[in-house]
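Residues per chain, in single letters:
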Amino acid sequence: MITIDNVSKWYGAFQVLDGCTTGVQKGDVVVVCGPSGSGKSTLIKCVNGLEPFQQGDITVDGIPVGSPGTDLPKLRSRVGMVFQHFELFPHLSITQNLALAQVKVLKRTRDEAVERGLKLLDRVGLAAQREKFPGQLSGGQQQRVAIARALSMDPICMLFDEPTSALDPEMINEVLDVMVQLASDGMTMMVVTHEMGFARKVAHRVIFMDHGRIVEDATKDDFFGKPHSERAQQFLAKILQH
Amino acid sequence: MFLQDAPEGGVQYWELLVSGLGWTLAVSACAWVIALLLGSAIGTLRTTHRAWVTRVGNAWVELFRNIPLLVQMFLWYFVAPEFVPALKSWVIAADPAHAQFLSAVLCLGLFTSARIAEQVRAGIQSLPQGQRLAGMALGLREPQVYRYVLLPMAFRIIIPPLTSETMNLIKNSSIALTIGLAELTFRAREIGEYTFHFFEAFSAATLIYVAIAMAANRVMALVERRTAVPGYIAHGAK
Ligand SMILES: Nc1ncnc2c1ncn2[C@@H]1O[C@H](COP(=O)(O)OP(=O)(O)OP(=O)(O)O)[C@@H](O)[C@H]1O
Ligand SMILES: [Mg+2]
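Basis of the calculations
- Numbering of residues begins from 1 in every chain and follows the order in which that chain's sequence is written.
- Going through the entries in the order they are written, you letter the chains from A and number the ligands from 1.
- Local features are withheld for residues below a pLDDT of 70 in this predicted model, meaning they are given only at 70 or higher, and side-chain atom pairs are given and counted only at 80 or more; totals for whole chains, interfaces and linings count all residues.
- Water and hydrogen atoms were dropped before computing side-chain values, which therefore reflect all heavy atoms in the structure.
- Numbering of helices and strands starts at the N terminus; helices are DSSP runs of H or I of at least 4 residues and strands are runs of E of at least 2.
- With C-alpha atoms as the basis for the radius of gyration, the globule rule is written as 2.2 Å multiplied by the number of residues raised to the power 0.38.
- For the exposure calls, accessible area comes from a 1.4 Å probe over protein chains only, and a residue counts as buried if that area is under 20% of its type's maximum, exposed if over 50%, partly exposed in between.
- By definition in these notes, contact holds between two residues if any of their heavy atoms fall within 4.5 Å.
- Note on areas: Shrake-Rupley with a 1.4 Å probe; residue coverage comes only from the protein chains shown.
- Here a Phe, Tyr or Trp ring, Trp counted by its six-membered ring, pairs with any other such ring whose centre lies within 6.5 Å, and the pair is stacked when the planes are under 30 degrees apart, edge-to-face when over 60, and tilted otherwise.
- The criterion is that NZ of a Lys, or CZ of an Arg, lies within 6 Å of the ring centre and within 35 degrees of the ring normal, and then a charge sits over that ring.
- Near, as used in this document, describes a residue that has one of its heavy atoms within 4 Å of the molecule or strand being considered.
- Under this definition, polar contacts are N or O atom pairs within 3.5 Å; protein pairs additionally need one hydrogen-donor-capable and one acceptor-capable atom, and for neighbouring residues in sequence, both atoms have to be side-chain atoms.
- Any residue outside Ala, Val, Leu, Ile, Met, Phe, Trp, Tyr, Cys, Pro, Asp, Glu, Lys and Arg is labelled polar, Gly included; the first ten of those are nonpolar and the last four are charged.
- By the convention used here, strands pair only if DSSP detects at least 2 bridges between them.
- In this analysis an axis means a line fitted to C-alpha atoms, helices contributing only their contacting stretch, and an angle means the value between N-to-C directions, from 0 to 180 degrees.
- Take the buried residues of types Ala, Val, Leu, Ile, Met, Phe, Trp, Tyr and Cys, join any two whose side-chain atoms come within 4.5 Å, and each joined set is a nonpolar core.
- By convention in these notes, a salt bridge is any Lys or Arg side-chain nitrogen within 4 Å of a carboxyl oxygen on Asp or Glu.

**Q** Is there a simple way to explain the overall build of chain A in this structure?
**A** In terms of regular secondary structure, chain A is built from nine helices and ten strands. For 242 residues, the compact-globule estimate of 2.2 N^0.38 gives 18 Å, and chain A sits close to it at 18 Å. Once the C-alpha set of chain A is aligned to its principal axes, its extents read approximately 50 × 45 × 30 Å. With 242 residues in all, chain A has 57% of them scored as buried. Expressed as a percentage of contacts within chain A between residues at least 6 apart in sequence, the contacts between residues at least 24 apart total 65%. With the model as given, the accessible surface of chain A reaches about 10,300 Å², and the carbon-plus-sulfur share is 48%.

Put into structure tokens, the structure is as follows:
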């Protein structure tokens with residue numbers, strides 16, 4: 001579904017990504033972790049072309065992301081993305097947030113879009129909040145709406161960039177539950193997160209990044225079980241202390 | 001004294017003030033439309049990360065912000081027609097009031113557009129970067145991201161500075177008297193010169209300016225209330 005082949009990226013002279021090679025099979029859940037500044041967000045933004053990269057190739061569903069002929073907006077409309085800070089549109093009601101891109105991008109009618117949006121809102125347990133505005137919801141609720149908004153585009157895969165790290169601890173689980181549900185429904189997912197409980201439960205593979213490099217790319221059992229790179233071990237030891 | 005007949009035109013002094021008010025409102029309204037449209041376009045373009053567009057936008061803003069308004073007024077009225085033959089022949093043939101009006105509208109519209117462009121740019125840039133990314137990630141194209149995601153919030157945020165820009169524009173329109181446009185200040189001075197009652201004439205003009213400014217303020221406050229986003233706390237103090 002997603003292939004990442006020898007991708008490098010620089011911000012000026014600073015190299016953020018260094019020869020990253022990996023991929024996500026259809027139906028797989030891949031967790032990406034690593035210390036702050038290691039390039040996780042940058043890598044995941046390269047997948048749907050939100051960040052350009054200078055070297056290597058990325059394809060999504062066979063479509064080359066980096067090639068100038070690719071219709072990136074069209075590709076992005078098929079790839080769901082969830083951000084650390086939710087990024088709902090504050091001036092639109094929850095229903096409008098869910099409907100906007102369906103109407104403007106997929107050219108669904110307003111009624112179809114609202115119906116589809118409400119169905120997904122129900123799925124994340126927030127049907128009662130449909131008339132509210134993002135500023136009137138808690139962080140956890142906003143993030144669930146953001147997931148529903150991404151799903152409303154009927155994406156072929158989902159990207160998550162630290163979806164729970166801006167949340168108060170008591171709200172983390174309500175979002176993780178939605179993601180676990182999504183994973184068990186067979187959604188292809190690439191998830192940047194430090195929630196190792198989530199990784200243990202649903203990940204097929206875990207990728208560990210450091211200094212722009214993919215240091216470790218292992219099955220879940222190998223990652224948590226067998227010995228691996230020292231850097232990843234230290235990192236794991238540190239975050240599992242919590 | 002406002003009920004006395006003016007020496008020319010068979011009208012009373014108060015009618016001169018009303019006609020001055022008419023020109024003031026007409027110039028301000030037309031200039032405001034130009035300023036808002038152009039300012040929004042240029043302010044928006046300056047945030048699109050295209051090097052040459054940004055440079056043109058910067059040049060625009062610097063040009064109109066750094067030349068004194070009075071000089072700009074003279075440039076539009078006296079100098080610009082010299083460079084455009086068609087315009088010059090029109091100016092000579094047309095009613096002088098029309099040429100004065102056009103010059104004043106262009107001058108004030110472009111001057112204010114530079115200031116509004118700055119505010120629109122600042123409004124867009126005050127939004128979290130993630131908003132743009134979220135719009136793009138949903139598959140919206142760049143113009144759609146601006147139209148549906150960024151500008152609606154940016155404009156809400158900049159209503160207070162837009163209000164003071166609107167008031168400035170109305171007050172700045174009095175500079176059009178220097179090219180002979182018979183707007184409110186022009187008429188007040190005229191009445192003062194005819195009657196030697198400068199105090200009364202300018203007091204009346206002042207009151208009228210204050211009334212217009214207050215009305216504009218009220219309208220903007222209404223717009224702000226109507227477009228307020230539930231649950232959203234604006235960044236700056238209000
Ligand atoms: N626009 C930019 N210009 C220059 N450097 C940048 C830019 N964006 C990110 N970087 C740098 O690139 C590196 C990787 O950033 P990235 O956001 O991908 O890290 P991350 O692994 O997601 O970290 P975090 O866990 O803090 O989110 C960091 O050192 C960051 O400072
Ligand atoms: Mg990050």
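The structure having been displayed, the exposition proceeds.
**Q** Mind showing me how you'd approach the packing of aromatic side chains here?
**A** Two measures describe an aromatic ring pair: the distance that separates the ring centres and the angle between the ring planes. The tally for this structure, following the rule as stated, stands at seven aromatic pairs over all chains. With a centroid separation of 6.4 Å and an interplanar angle of 35°, the aromatic rings of Tyr13 of chain B and Tyr194 of chain B are classed as tilted. Residue Tyr13 of chain B is found in helix H1 (residues 13–45), and its partner Tyr194 of chain B is found in helix H9 (residues 184–195); the two are separated by 181 residues along the sequence. Looking at Tyr13 of chain B, the relative accessible area reads 4%, which means it is buried. Taking relative accessible area as the criterion, Tyr194 of chain B reaches 32% and is therefore assigned partly exposed. Taking NZ or CZ as reference, Arg149 of chain A lies 4.4 Å from the ring centre of Phe89 of chain A, over its face. Seen from the ring of Phe224 of chain A, Arg200 of chain A lies directly overhead, with NZ or CZ sitting 4.4 Å from the centre.

**Q** Explain the site of ligand 1 here, please?
**A** Residue and element names in this part refer to chain A. Tyr11, Phe14, Val16, Pro35, Ser36, Gly37, Ser38, Gly39, Lys40, Ser41, Thr42 and Glu162 make up every residue found near ligand 1. In the environment of ligand 1, an oxygen atom lies 2.7 Å from a nitrogen or oxygen atom belonging to the side chain of Ser36. The side chain of Ser41 places a nitrogen or oxygen atom 2.6 Å from an oxygen atom of ligand 1. Considering ligand 1 on its own, with 640 Å² of exposed area, one finds that the protein chains cover 59% of that surface. Contributions of two or more residues to the shell around ligand 1 are made by strand S2 (14–24) and helix H1 (40–47). Among the elements that line the shell around ligand 1, the one with the most residues is H1, at three residues. Classifying every residue of the shell around ligand 1 by side-chain character gives four nonpolar, six polar and two charged.

**Q** Just to check I follow, could you spell out the pairing of strand S1 (residues 2–11) of chain A for this structure?
**A** Sheet faces and side chains relate simply in a regular strand, where the side chains alternate between the two faces. Residue and element names in this part refer to chain A. Note that S1 and S2 share seven bridges and pair antiparallel. Considered in S2, the bridge of Lys9 is made with Leu17. Linking two consecutive strands that pair antiparallel, namely S1 and S2, is a turn of two residues; a positive phi of about 60° is found at Gly12 within it. With five bridges joining them, S1 and strand S4 (residues 55–60) adopt antiparallel strand pairing.

**Q** Help me understand the sheet that holds strand S6 (residues 79–82) of chain A, please; the structure alone is not making it clear to me.
**A** Pairing between the strands of a sheet is mediated by backbone hydrogen bonds and can be parallel or antiparallel. Residue and element names in this part refer to chain A. Strand order in the open sheet made by the six strands is S6-S7-S8-S3-S9-S10, with mixed pairing throughout. The open sheet has two free edges, formed respectively by S6 and strand S10 (213–219), since each of these has just one partner strand. Averaged over all pairs of adjacent strands, the angle between their axes in this sheet comes to 15°, without regard to strand direction. Inspection of the sheet shows strand S7 (residues 157–161) paired to strand S8 (residues 189–192) by four bridges, in the parallel sense. Looking at the pairing, Phe160 lines up with Val191 of S8. Contacts from helix H9 (residues 230–240) reach strand S3 (29–33), strand S9 (205–210) and S10, with the element oriented near 105° to S9.

**Q** What exactly am I supposed to notice about the environment of Cys46 of chain A here?
**A** For Cys46 of chain A, the location among the structural elements is in helix H1. Sequence-distant contacts of Cys46 of chain A, that is, excluding residues within four places in its chain, are made with Lys9, Leu17, Glu51, Pro52, Phe53, Ile58 and Val65 of chain A.

**Q** Looking at this model, I keep getting lost on the nonpolar core. Mind explaining?
**A** Nonpolar side chains in soluble globular proteins generally cluster together in the buried interior. Counting residues in hydrophobic clusters, the biggest one holds 57 residues, and the most contacted among them are Ile4, Leu17, Leu43, Leu159, Met190 and Met209 of chain A. Considering every element that reaches this core, the biggest residue donor is helix H7 (residues 142–157) of chain B, with seven residues. Beyond its immediate stretch of four places on either side in the chain, Leu17 of chain A contacts Val7, Ser8, Lys9, Gly39, Thr42, Leu43, Cys46, Met209 and Gly212 of chain A. Core analysis: the next-biggest nonpolar cluster, separate from the first, contains 48 residues, Leu121, Met171, Val206 and Leu236 of chain A among them.

**Q** Just checking my understanding: could you explain the sheet that holds strand S5 (residues 63–64) of chain A for this structure?
**A** Residues and elements named next belong to chain A. If you walk across this open sheet you meet the four strands as S2-S1-S4-S5, and the pairing is antiparallel. Of all the strands in the sheet, just S2 and S5 have a single pairing partner and so form its edges. Bridge count for S4 against S5 is two bridges, and the pairing is antiparallel. Within the sheet, the bridge partner assigned to Val60 lies in S5 and is Ile63.

**Q** Looking at this structure, how should I read the pattern of salt bridges?
**A** Two side chains of opposite charge can pair, provided their charged atoms sit close to one another. Scanning the model with the defined rule gives 18 salt bridges over all chains in all. Two residues, Arg231 of chain A and Asp210 of chain A, come together in a salt bridge whose shortest N-O distance is 2.9 Å. Of this pair, Arg231 of chain A sits in helix H9 while Asp210 of chain A sits in strand S9, placing them 21 residues apart in sequence. Given the relative accessible area of 31%, Arg231 of chain A is considered partly exposed. When salt bridges with common partners are traced through the structure, they connect Arg46, Glu62, Arg65, Glu118 and Arg121 of chain B into a single cluster.

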